[in-house]
Amino acid sequence: PMTTVVWTTPLGLTVVQPYRKLVKRNVATTLQSIVVNDANMPSPVNSQKQKTAFPPNYVHSLDASHMTLSAIECKKAGLVFASVHDSYWTHACDVDKMNTIIRDQFVQLHQRPIMANLKAEFEDRYKDHLMPVIGWEYVSKDKFTDGGKLKFKKARVTKKSEREQKEKEVEMELAMRHLEACGEAGAGGETEEAYATVQAYQERKEAATAETERVLRAAEDLSATLEMLDLRSIELIDPKLDLSGALHQADHIFYTLSVNQKEHERQVAELRKEYKTRIRLVKVSKATKTSKRKAKTSAKTKTKVVVPAAAAATTSDDAVQVAEDAEPATTAADAALEQDSDATTIAQDSDAAALVAETILQLEKELDAKIAEVDKKYVVEFKMTPIMLNHTTSAELLKQTNEMITRGELAGHLVKRVSWVDIEFDPLPEPGDFDIGEVMDSPYFFS
């Protein structure tokens, strides 16, 4: 969690900056609603004010320590002492004595390792805290479409710029009408102003067209330089040693990934389509064979039931008698035949279903094996350390990168990133060679 800035003065007094974003509460009354700051509610730290207020507040705390030390010494010397902020008072007859005391205490105060003590206190107090670091990451992944084609982001058009563009077009239209009516050789300042308006509009239009053409040419030139890389054996360039080389290598890497991803998707889709068709044909073939077998079995059964009764009849009376006598036997035979036929059909269907399932399983294994070969052939994922720049450690390199992007030498762009890191304090500078005599001997210092 964020915390306020806290430090200890040379006299041992703890100072806490109180700056927070107060929580506002809306209080509704019968007459109106008012907004009040609720000091009792937990409120987040105002980081901006904590940062900007610390330097002057720290100096004020040193001034207050100096004032306290001066007041103590004046009391020991029997001097009357009063002060308002950094203005110290005493009786006129004791001013010289107070000046000497003020100088002595100032020197004694600043002879202490004030900055070293502050640094040590901060390192101990904030050792478990993190601080945000704003940096810029070079990103070129989203600059390539399927197949490695470069795409360029169009200029952002805001409502304000769109309104201004329409106003300029209206001005140009009015100026053109004025020139058509009066002619370019017409007298008066209005004609000259109209001519200047038209000329300025045409220049802006030509400049915009030239910029668009420049961007397209840069894209074509950059596309011609992009090459496929072997991502399995590539050695990444260290940005700290060769930033330009690392940036161009990143472009080539993401170009290669884009091409690989497109080709990988195409081949996998073709394989899936091919094997989906083959599996469907296997299922259709099985269904067709089963249907034909059932129809054939049903036809045989009907033929065997009708023939014995018809063949045994010689006359109409005999036919009736034979049919009546043969009916129980025929029914039993039909039942047995149907039972055998059903058992055979079930067995055949079971064998056919097992064969179809085995065939489909084999096809699916073949599909997985071929997809695995495609996966092995094309590298579609590649992990690389982000190339980060910031104003503190690499201001010049950041400027150079922006210039290369503007000229169209790089495909990517810079994206703002905020990372949280352990707090680190810069080393203290070496003490200066300030002549302390200037403080002790000057008639104007603290006078």
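Data block above holds the structure.
Small disclaimer: the values here were computed from a predicted structure and weren't measured.

## Structural notes on the packing of aromatic side chains
Here is step 1: As enumerated under the stated definition, the model contains seven aromatic pairs in all.
Here is step 2: Taking the centre distance of 5.7 Å and the plane angle of 35 degrees together, the rings of Phe54 and Tyr58 count as tilted. With Phe54 and Tyr58 both in helix α1 (residues 47-76) and four residues apart, this pair spans about one turn of that helix. Accessibility assignment for this pair places Phe54 and Tyr58 in one class, buried.
Here is step 3: Summarising the aromatic geometry, the rings of Phe54 and Phe122 are spaced 5.7 Å apart at their centres and angled 50 degrees between planes, so their arrangement reads as tilted.

## Considering the pattern of salt bridges
Here is step 1: Applying the stated rule across the entire model yields eight salt bridges.
Here is step 2: Linking Lys76 and Glu73 is a salt bridge whose minimum nitrogen-to-oxygen distance equals 3.5 Å. Pair noted here: Lys76 and Glu73 are both in helix α1, with a separation of three residues, about one helical turn.
Here is step 3: Note on Lys76: relative accessible area 63%, which makes it exposed.
Here is step 4: Residue classification places Glu73 among the partly exposed positions, given a relative accessible area of 26%.
Here is step 5: Where Glu137 meets Arg417, a salt bridge forms, and the shortest distance between an N and an O atom there is 2.7 Å.

## Focus: the nonpolar core
Here is step 1: Core analysis: the biggest nonpolar cluster contains 13 residues, and Val5, Trp7, Phe54, Tyr58, Leu118 and Phe122 have the highest contact counts within it.
Here is step 2: Of all elements in the fold, only β1 (6-8), α1 and α3 (114-125) reach the threshold of two or more residues within this core.
Here is step 3: For this core, the leading source of residues is α1, giving four residues.
Here is step 4: Discounting residues that sit within four places of it in the chain, Phe122 has contacts with Val5, Val6, Trp7, Phe54, Lys127 and Phe425.

## A short note on a nonpolar patch on the surface
Here is step 1: Taken together, the side chains of Leu130, Ile134, Val418 and Trp420 define a hydrophobic patch exposed on the protein surface, amounting to about 410 Å² of accessible area.
Here is step 2: At the level of secondary structure, the elements contributing two or more residues to the nonpolar patch comprise β7 (130-139) and β9 (413-422).
Here is step 3: Tracing the chain through its elements places Trp420 in strand β9.

## What about the environment of Val268?
Here is step 1: Looking at the element boundaries, Val268 is found in helix α6 (residues 243-312).
Here is step 2: For Val268, a relative accessible area of 11% translates into the label buried.
Here is step 3: The spatial distance from the C-alpha of Val268 to the C-alpha of Ile371 is 6.2 Å, given a sequence separation of 103 residues.
Here is step 4: Among all residues touching Val268, those that are not within four sequence positions of it are Ile371 and Val374.

## A look at the environment of Ala250
Here is step 1: If you trace the backbone, Ala250 turns up in helix α6.
Here is step 2: A relative accessible area of 3% means that Ala250 is categorised as buried.
Here is step 3: Separated by 137 residues in sequence, Ala250 and Ile387 have C-alpha atoms that sit 8.9 Å apart.
Here is step 4: Ala250 has contacts with Tyr138, Ser140, Met384 and Ile387, leaving out every residue within four places of it along the chain.

## As for the side chain of His252
Here is step 1: Looking at the secondary structure, you find His252 in helix α6.
Here is step 2: When its relative accessible area of 17% is taken as the criterion, His252 is described as buried.
Here is step 3: Those residues in contact with His252 that sit more than four places away from it in its chain are Thr225, Leu226, Glu227 and Leu229.

## Observations concerning the sheet that holds β7
Here is step 1: Spatial strand order, β8-β7-β9: three strands in an open sheet with antiparallel pairing. Edge positions in the sheet fall to β8 (388-389) and β9, since each has one partner strand and no second.
Here is step 2: Note: β7 against β9, ten bridges, orientation antiparallel. Looking at the pairing, Pro132 lines up with Trp420 of β9.
Here is step 3: Relative to the sheet, helix α8 (residues 395-406) contacts β7, β8 and β9, its axis offset from that of β9 by approximately 155 degrees.

## Let's talk about α1
Here is step 1: If you check α1, its first and last C-alpha atoms are 43 Å apart, about what 30 residues at 1.5 Å a residue would give, namely 44 Å.
Here is step 2: At Phe54, α1 shows its maximal kink, close to 45 degrees; a proline, Pro55, follows between one and four residues later.
Here is step 3: Those residues of α1 lying buried are Gln50, Ala53, Phe54, Tyr58, Ser61, Leu62, Ser65, His66, Leu69, Ser70 and Cys74.
Here is step 4: At its buried positions, α1 is contacted by β1, β2 (14-16), β6 (87-89), α2 (95-110) and α3.
Here is step 5: Taken from the residues just after α1, Gly78 is the one with a positive phi, measuring 80 degrees.

Cut-offs and rules
Residues numbered from 1 in each chain as written. Predicted model: local features only at pLDDT ≥ 70, side-chain atom pairs only at ≥ 80, totals over all residues. Heavy atoms only, no water. Phe/Tyr/Trp six-rings, centres within 6.5 Å; stacked < 30°, edge-to-face > 60°. Helix = DSSP H or I, 4+ residues; strand = E, 2+ residues; numbered from the N terminus. Buried < 20%, exposed > 50% of the residue type's maximum accessible area, 1.4 Å probe, protein only. Salt bridge = Lys/Arg side-chain N within 4 Å of Asp/Glu carboxyl O. Core = buried A, V, L, I, M, F, W, Y, C linked by side-chain atoms within 4.5 Å. Contact = heavy atoms within 4.5 Å. Patch = residues over 30% accessible without salt bridge, like charges linked within 9 Å, V, L, I, M, F, W, Y side chains within 5 Å. Areas by Shrake-Rupley, 256 points an atom, 1.4 Å probe, with all protein chains shown as cover. Pairing = 2+ DSSP bridges. Axes fitted to C-alpha atoms, helices over the stretch in contact; angles between N-to-C directions. Expected span 1.5 Å × (residues − 1). Bend = angle between axes of the 7 residues up to and from the residue.

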